[in-house]
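Examining the three-dimensional arrangement
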Amino acid sequence: MRLGLVLGYWGAAPAQGFVELAQEAERLGFDSVWTAESWGSDVFTPLTWIAAHTSRIRLGTGIAQMAARTPTATAMHAMTLDHLSGGRLLLGLGLSGPQVVEGWYGRPFPRSPLTAVREYVDVIRQTLRREKPVTLDGRYHPLPYAGPDGTGLGKALKPILHPLRPDIPILLGAEGPKNIAQTARIADGWLPLYFSPERADLYAEPLAAARDGFMVAPIVHARICEDVAEGLAPIRAMLGFYIGGMGAQARNFHADLMARMGYEAEARLIQELFLAGRREEAIAAVPAAFADEISLVGPRARIADRLAAWRGTPVTDLLITSRDPATLRTLAELVL
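I will try to describe carefully the structure that is included in this document. What you see is a predicted model, and the numbers here were worked out from it, not measured in a lab. Think of each chain on its own: its residues are numbered from 1, step by step along the sequence as written. Given that the model is predicted, a residue must reach a pLDDT of at least 70 before its local features are reported, and side-chain atom pairs must reach 80 or more before they are shown or counted; all residues, however, enter totals for whole chains, interfaces and linings. Water and hydrogen atoms were dropped before computing side-chain values, which therefore reflect all heavy atoms in the structure.

A cis amide bond links Gly62 with the next residue in sequence, Ile63, at an omega value of 10°. A run of H or I in DSSP counts as a helix once it spans at least four residues, and a run of E counts as a strand once it spans at least two, with each numbered from the N terminus. Turning to its location among the elements, Ile63 is positioned in the loop between strand 3 (58-61) and strand 4 (64-65). A cis geometry characterises the amide bond from Leu143 onward to Pro144, with omega recorded as -10°. Within the secondary structure layout, Pro144 lies in the loop between helix 5 (113-129) and strand 6 (170-172). Located in the positive-phi region is Ser96, a residue other than glycine, with phi close to 70°.

Let us look at the side chain of Ser112. Relative to the elements of secondary structure, Ser112 occurs in the loop between helix 4 (98-103) and helix 5. Only protein chains enter the accessibility calculation, which uses a 1.4 Å probe; a residue is then buried when its area is under 20% of its type maximum, exposed when over 50%, and partly exposed in between. Taking the relative accessible area as the measure of exposure, Ser112 reaches 19% and is therefore buried. Not counting residues within four places of it along the chain, the set of residues in contact with Ser112 comprises Arg139 and Tyr140. In what follows, residue pairs with any heavy atoms lying within 4.5 Å of each other are defined as contacts.

With that out of the way, let us pick up the pairing of strand 3. Here the rule is simple: two strands pair whenever DSSP picks up at least two bridges between them. Sheet analysis places strand 2 (residues 32-35) next to strand 3, joined by 4 bridges and oriented parallel. If you follow Trp34 over to strand 3, its bridge partner there is Gly60.

Another point: the packing of helix 7 (residues 228-245) against helix 8 (residues 253-275). Only the contacting stretch of a helix is used when fitting its axis, a line to C-alpha atoms as for every element, and angles between N-to-C directions run 0 to 180 degrees. Where helix 7 contacts helix 8, the two axes come as close as 8 Å, and the packing angle between them is 85°. Judged by the inter-axis angle, helix 7 sits roughly perpendicular to helix 8. Residues Gly240, Phe241, Tyr242, Ile243, Gly244 and Gly245 of helix 7 lie in contact with helix 8, whose contacting residues are His254, Ala255, Met258, Ala267, Ile270, Gln271, Phe274 and Leu275. Oblique is the label for any angle not covered by the other classes, which are roughly parallel (under 35 degrees), roughly antiparallel (over 145) and roughly perpendicular (65 to 115).

What follows concerns the packing of helix 3 (residues 71-85) against helix 5. In contact at an axis separation of 9 Å, helix 3 and helix 5 are set at 45° when each is read in the N-to-C sense. What the angle tells us is that helix 3 and helix 5 run oblique. Here the hand of the crossing between helix 3 and helix 5 comes out right-handed. Contacts from Pro71, Thr72, Thr74, Ala75 and Met79 of helix 3 reach helix 5 at Tyr120, Val123, Ile124, Thr127 and Leu128. Whether a crossing is left-handed or right-handed is set by the direction in which the near helix is turned from the far one by less than a right angle, anticlockwise for left-handed and clockwise for right-handed.

In this section: the pairing of strand 11 (residues 317-321). Burial of strand 11 is extensive: 4 of the 5 residues sit out of reach of the surface. Relative to strand 11, strand 1 (residues 2-8) runs parallel, the two sharing 4 bridges. Of the residues in strand 11, the one forming a bridge with Leu5 is Ile320. Pairing between strand 9 (residues 219-224) and strand 11: 3 bridges, direction parallel. Of the residues in strand 11, the one forming a bridge with His221 is Thr321.

Turning to helix 11 (residues 300-311), a few remarks are in order. Expected helix span is taken as 1.5 Å per residue step, with the number of steps being one fewer than the number of residues. Taking 1.5 Å per residue as the helical rise, helix 11 with its 12 residues ought to reach 16 Å, and the 17 Å between its terminal C-alpha atoms agrees with that figure. Listed as buried for helix 11 are Ile303, Arg306, Leu307 and Trp310. Angularly, the buried residues of helix 11 cover 120° about the axis, an arc narrow enough to put them on a single face. In helix 11, the exposed residues that point more than 90 degrees away from the buried face are Ala301, Asp305 and Ala308. Buried residues along helix 11 sit in contact with strand 9, helix 10 (288-293), strand 10 (295-298), strand 11 and helix 12 (325-335). What the arc covers is the set of directions going from the helix axis to the C-beta atoms.

For the rest of this paragraph, the subject is helix 5. With 17 residues, helix 5 extends 24 Å between its outermost C-alpha atoms, agreeing within 8% with the 24 Å of an ideal straight helix rising 1.5 Å per residue. Counting buried residues along helix 5, 12 of its 17 residues qualify, which places the element largely inside the surrounding structure. Restricting attention to buried positions, one finds in helix 5 the residues Thr115, Ala116, Val117, Glu119, Tyr120, Val121, Val123, Ile124, Arg125, Gln126, Thr127 and Leu128. Along its buried surface, helix 5 packs onto helix 3, strand 5 (89-94), strand 6 and helix 6 (177-186). One or two positions beyond helix 5, positive phi appears at Arg130, with a value near 50°.

This brings us to the nonpolar core. What makes a nonpolar core is a set of buried Ala, Val, Leu, Ile, Met, Phe, Trp, Tyr and Cys residues whose side-chain atoms join them at distances within 4.5 Å. The biggest cluster of nonpolar side chains holds 90 residues, and the ones touching the most others in it are Phe30 and Leu239. Per-element tally for this core: the top contributor is helix 8, with 9 residues. Contact partners of Phe30, with chain neighbours within four places excluded, come to Leu3, Gly4, Leu5, Ala25, Arg56, Ile57, Ile320, Leu328, Ala332 and Leu336. Val6, Leu191, Met215 and Leu319 belong to the second-largest nonpolar core, a separate cluster that totals 8 residues.

Right, let's get into the pattern of salt bridges. We define a salt bridge as a side-chain nitrogen of Lys or Arg found within 4 Å of a carboxyl oxygen belonging to Asp or Glu. In total, this model carries 16 salt bridges according to the counting rule given. The partner of Asp292 in a salt bridge is Arg302, and the shortest N-O contact between them spans 2.7 Å. One end of the pair, Asp292, is in helix 10; the other, Arg302, is in helix 11, with 10 residues separating them in the sequence. Since its relative accessible area comes to 27%, Arg302 is described here as partly exposed. Of the charged contacts in the structure, one is a salt bridge between Arg306 and Asp292, with a shortest N-O distance of 3.8 Å. With Arg306 in helix 11 and Asp292 in helix 10, this pair connects stretches of sequence that are 14 residues apart. Of the two residues examined, Arg306 and Asp292, each falls in the buried class. Several salt bridges share partner residues, and in doing so they unite Arg2, Asp31, Arg58 and Asp317 into one network.

Honestly, that's just the spatial picture; any functional story needs more than this.
Shown next as structure tokens:
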């Protein structure tokens, strides 16, 4: 397995030391470093800054939100950063959820998410290949635009810039079985949000169509510590926020995923408590067992033992969320 470093998105201010942490990951032999976006910092700018201060490590968007940019705009970002970095970009994409898409980006959440993702990837692939002007008779991303409110003057174009690589890897954040199956067919990799090595059989059928070289790169929360319960506390707090509040009660992809992983009653309780304003109780309701099985937490020997389960799965890359150099160093020693 390869290792990646997940830096996520910034909070109220730019994250301190993120470049130095990326440099340390590169020195340790990590294969990739990943940034994110929600409704604050964007995904590409910090990654470009990291690219300027590193030389080898691959640069992943984990994830770039589709609603934030048209597919051609995303392709422009990708081509530009790939040139600047000498061909190191990994383009991770995702739909996000209705609350963000409609509340922040002011766009309707697609009624057919599979179609919307497929069209988005199609346009990016066409743009990167640069074989002919980009066209798509699409429901969500038609090119040229020919809607009733248009001028009718749209012209099919191909990029002025010649891409450094016409096959920049595209990875998709997908959670439902149908989404994962489509990802295996149309993308170069899958970015699972919560992946349990103890439940790898859940993913066998959706991943059946994946070709050789397909990346399976889950986000894994890691922390070297003596007290496992203490190490899991911030992970349970994060899960309480995402499962309880990152989405509406009737449509929360995080809660739905937890339910599919065997924790349906717990997921619904977390939602109920969080949306009632009882956040501390919602966090307390997150099962430690669930937080533990999607993480690598504890003393070195415990993590070394738990890595055996990960090696028996389709996972190709562990994307580690840690800002602790000692944890990164230990993972590099155990995995690489």
